[in-house]
Amino acid sequence: MDSNEDIEISWASSPPAVLREHHLADALRQEGPTAPDVREVELGPEDAFRGGLLFLPPEPMPDACIVYFHGGGFLAGSPRTHRSLASWLAHFAGMPVLSARYRLTPEHTYPAQRDDAVAACARASALFRREDSFRLFMSGDSAGACVSVWGLLGLPAGLRAEVGGLALFYGGFGLTDSASIRRAGTLANGLDPSALRSMYGQLLDGENVTRFEQISPLRLADDIREPIYIVAAEEDAVFDDSVALHQALGRSGSPVHFVKVPGMDHSFLKQAGKLAQANETLRDAGAWLRQRV
């Protein structure tokens, strides 16, 4: 899912390789410079961990780390497509950010994404845990926000006890028809109903999209007790997904903080480093994360 207005690309029917190339090109068009004081290190695969990019701010907060999961409709994207976002999140939070790879659809269906998120969190804990006070944070945008929630609920008890909170940016949580989708979802941005049905269906091996309801964060909210920070872009087709998750978490009693970003569309945080609103949003999210340590 992206902002390119090339309607010849169909997120419902174009081949995955075409969509991945398209998504990467769009990300490169959008991205701003990485934070100048943040060092980037590539991490290779190790055991179940799929590898990723590690972003290290100067003098990072000790005994804390953020694990980040990229968006891309579950079938596109990588840590490379979200470099500026992850870099500036590390800068503003003052913590290492491990931007993790996870397996993509349609080649790999759920629960591969959940399992890869769990492995990434275990790797982050092994890298940065020094004391019993260690705090692990999970974050992601769009489809990556779903991966964050699945990863959280898949963690073994000891590792989950280290989680200090989640920061979820304009997530798609399973809605395929809502006021915001009807208003802003288009063939070009891949957030129209047909594309969303395809995205959620492919995650479950092409089965009927209604099965996604069983694993939707909207259905799983009762199992979440960790603090959640939700960012919703006002002009985003999946704006109502974030509203629905906020409401579901509120009913379950989870500590939840909701932020609506005026005038912004889906994926605006990829422009961190050159778009003031993106930097301000990540600055505020970083401050919230620091408070949880």
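The shown structure was predicted, so the numbers you read here are calculated from the model rather than taken from an experiment.

A few words now on the overall build of the protein chain. The helix and strand tally for the protein chain stands at 10 helices and eight strands. Taking 19 Å as the expected radius of gyration for a compact globule of 293 residues, we find that the protein chain reaches 17 Å, a close match to that expectation. Overall, the C-alpha framework of the protein chain stretches about 50 × 40 × 40 Å when taken along its three principal axes. For the protein chain, the proportion of its 293 residues judged to be buried stands at 57%. Pairs at least 24 apart in sequence give 76% of the contacts found in the protein chain among residues at least 6 apart. For the protein chain, the accessible area works out to roughly 11200 Å², and carbon and sulfur atoms hold 49% of it. Charge separation in the protein chain, taken as the distance between the mean sites of 27 positive and 37 negative side-chain charges, equals 3 Å.

For the structure on display, the rule yields nine aromatic pairs. Consider the rings of Phe74 and Trp150, whose centres lie 5.6 Å apart with planes at 25 degrees: the pair is stacked. Within this pair, whereas Phe74 is found in the loop between strand S3 (64-69) and helix H2 (83-93), its partner Trp150 is found in helix H4 (residues 143-154), the two being separated by 76 residues in sequence. We classify Phe74 as buried; its relative accessible area is 0%. Overall, Trp150 belongs to the buried group, its relative accessible area being 1%. A network of ring pairs unites the aromatic residues Phe74, Tyr110, Trp150, Tyr200 and Phe212 as a single cluster. Sitting above the plane of the Trp288 ring, Arg292 keeps its charged end 4.8 Å from the centroid.

Moving on, we come to the pattern of salt bridges. Considering all chains together, one arrives at 14 salt bridges under this definition. Between Arg29 and Asp26 there is a salt bridge; the shortest N-O distance is 3.7 Å. Placement of both Arg29 and Asp26 in helix H1 (residues 16-30) is noted, with a separation of three residues, approximately one turn of the helix. What makes Asp26 buried here is its relative accessible area of 2%.

Scoring rules and cut-offs
Residues numbered from 1 in each chain as written. Predicted model: local features only at pLDDT ≥ 70, side-chain atom pairs only at ≥ 80, totals over all residues. Heavy atoms only, no water. Helix = DSSP H or I, 4+ residues; strand = E, 2+ residues; numbered from the N terminus. Rg over C-alpha atoms; globule rule 2.2 N^0.38 Å. Buried < 20%, exposed > 50% of the residue type's maximum accessible area, 1.4 Å probe, protein only. Contact = heavy atoms within 4.5 Å. Areas by Shrake-Rupley, 256 points an atom, 1.4 Å probe, with all protein chains shown as cover. Lys, Arg positive; Asp, Glu negative; His and termini not counted. Charge placed at Lys NZ, Arg CZ, Asp CG, Glu CD. Phe/Tyr/Trp six-rings, centres within 6.5 Å; stacked < 30°, edge-to-face > 60°. Lys NZ or Arg CZ within 6 Å of the ring centre and 35° of its normal. Salt bridge = Lys/Arg side-chain N within 4 Å of Asp/Glu carboxyl O.

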